[in-house]
Amino acid sequence: MVSNILSSINNYVWGWGLIFILLFTGIFYTIKLGFLQLRLIPFLSGRKDSKKSENGISQLKTVTSSLGTAMGTGNIVGVASAIAIGGAGSIFWMWVSAFLGMALVYAENYLGILYRREEDGEWLGGAVSYIKYGAGSDILAVIFSVFCVFASWGMGGMVQANSIGNALSDFGTEKYITAIILFVTVFAVISGGIKRIGSASQIIIPVLTGIYIIVSLIIIFRHRENLGRVFADIFESAFDFKSAGGFAVSVGIRRGIFSNEAGLGSSSIMHSASEEDSPYIQGMWSMFEVFLDTIVCCTLTALVLLLTDTYDINTAFGGNIFIDISIILFAFCTITGWYYCGETSFRHISGGRYIKPYRFIFAVIVSLGAVFSPENVWTVSDIFNGLMAVPNILALLLLFRKVRI
């Protein structure tokens, strides 16, 4: 009964109304910024002169920490479920949502740097700041913060911990042992704030992402004779609305948003901690994050699945070990990254008080997720993720004149 009610609410929140608003805003900013997405590769290969502030963390730590919140189960299991429901055509619409999402995330992070504030020697900003100081609405900032805190507990905490618990159980580890290990490791990392979170992500994300890309490319190379057929199927199915393609648009766009979080405001919280003073440069790096997360990694996952003709990710990658290890490490980075999003939002609600107790409570909540199956937590968290987008998108539309290139 409860599950059905929550599913109905989730379907309403993530209905075509929210999808249309996200796509409209993405198209709006794409046109306003002169298709800035096409300048990403020249930006990455060019010289980047900028000023660094005395506060904040390095660009590498910022990008990897933010990638840690985005990459994970969405890039692996999420892609498999998208293909199973919407067919190969869902991948095309995932590309579309990512392309438009790059413009959205640029605007978020441009504003995040523009309106961030210094507190205790660290930069705090993101959606909370530009909603409050830019759009001038403390009420909307508090609403966003509440949604973000709950999303960090659920989607960023318990759900990820449950994935880690299930993965470690394949190696014979009891879930209560996993819970204890998670409590200790998560609390140790988040107690060091964004700098320690960034250091952990800086070690894990580049190595793990690189290995995942290499393994995927090896599998794709082994089945390269079928690449033409797979790409033809992707483009044909994307517009075949009489069959599974009828679900391709909805599923592809939703999975794309779920994977890269563009439009939700979470990315801007992470990137605002950077030592970078240029809103333009930070915005461009955030676009790279969406590009790597969805255009590269999600596409590689999709090609592996389609070339091996299976929806089972473990079968496609030749067994459980590689996927289990990937999920464990990606999920851990997601937990620590989402913690920072939740802490920043909690600081706004509490006026900067009770941060140490909050860290302890978060670590406890995460550890419980490893033991108990959060069947309804995923749905509730998905609802809060969707609700985060509403005040965030409203602020992006109100502040469009402030976003430049």
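Residues numbered from 1 in each chain as written. Predicted model: local features only at pLDDT ≥ 70, side-chain atom pairs only at ≥ 80, totals over all residues. Heavy atoms only, no water.

Asker: Hey, could you run me through the packing of aromatic side chains in this one?
Answerer: Each aromatic ring pair is described using two quantities: the centre-to-centre distance and the angle formed by the ring planes. On inspection of all chains with the given rule, the structure shows 26 aromatic pairs. Geometrically, the ring pair formed by W93 and F239 is edge-to-face, given 5.6 Å between the ring centres and 65 degrees between the ring planes. Placement of W93 in helix 6 (residues 89-114) and of F239 in the loop between helix 11 (227-238) and helix 12 (245-260) is noted, with a sequence separation of 146 residues between them. The interplanar angle of 5 degrees and the centroid separation of 6.0 Å between the aromatic rings of F183 and F187 together place this pair among those described as stacked. (Phe/Tyr/Trp six-rings, centres within 6.5 Å; stacked < 30°, edge-to-face > 60°. Helix = DSSP H or I, 4+ residues; strand = E, 2+ residues; numbered from the N terminus.)

Asker: What should I look at first to understand the nonpolar core in this one?
Answerer: Ranked by size, the top nonpolar core spans 125 residues in total, and within it Y130, L182 and F317 carry the most contacts. Not counting the four nearest positions on each side in its chain, Y130 is found in contact with E108, L111, G112, Y115, A135, G265, S268, N392, A395, L396 and L399. (Core = buried A, V, L, I, M, F, W, Y, C linked by side-chain atoms within 4.5 Å. Buried < 20%, exposed > 50% of the residue type's maximum accessible area, 1.4 Å probe, protein only. Contact = heavy atoms within 4.5 Å.)

Asker: I'm lost on the layout of surface pockets in this one. Help?
Answerer: In this approach the atoms are scanned with a rolling probe the size of a water molecule, which exposes any empty space left behind. Approximately 250 Å³ is the volume attributed to the second largest pocket. Elements supplying a minimum of two residues to the lining of the second largest pocket: strand 1 (117-119), helix 7 (127-134) and helix 16 (320-350). Counted by class, the lining of the second largest pocket contains three nonpolar, six polar and five charged residues. (1 Å grid on protein atoms, 1.4 Å probe; cavity = no way out; pocket = protein on both sides within 12 Å on 5 of 7 lines; lining within 4 Å. Points joined across faces, edges and corners; volume = space filled by probe spheres on them. Nonpolar A, V, L, I, M, F, W, Y, C, P; charged D, E, K, R; others polar.)

Asker: Sorry if this is basic, but what is going on with unusual backbone geometry here?
Answerer: Negative phi values dominate among residues other than glycine, just as trans dominates among peptide bonds. For F35, which is not glycine, the phi dihedral falls at a positive 55 degrees. The phi angle at Y354 is positive, at roughly 60 degrees, despite the residue not being glycine. Mapped onto the elements of the fold, Y354 is located in the loop between helix 16 and helix 17 (355-371).

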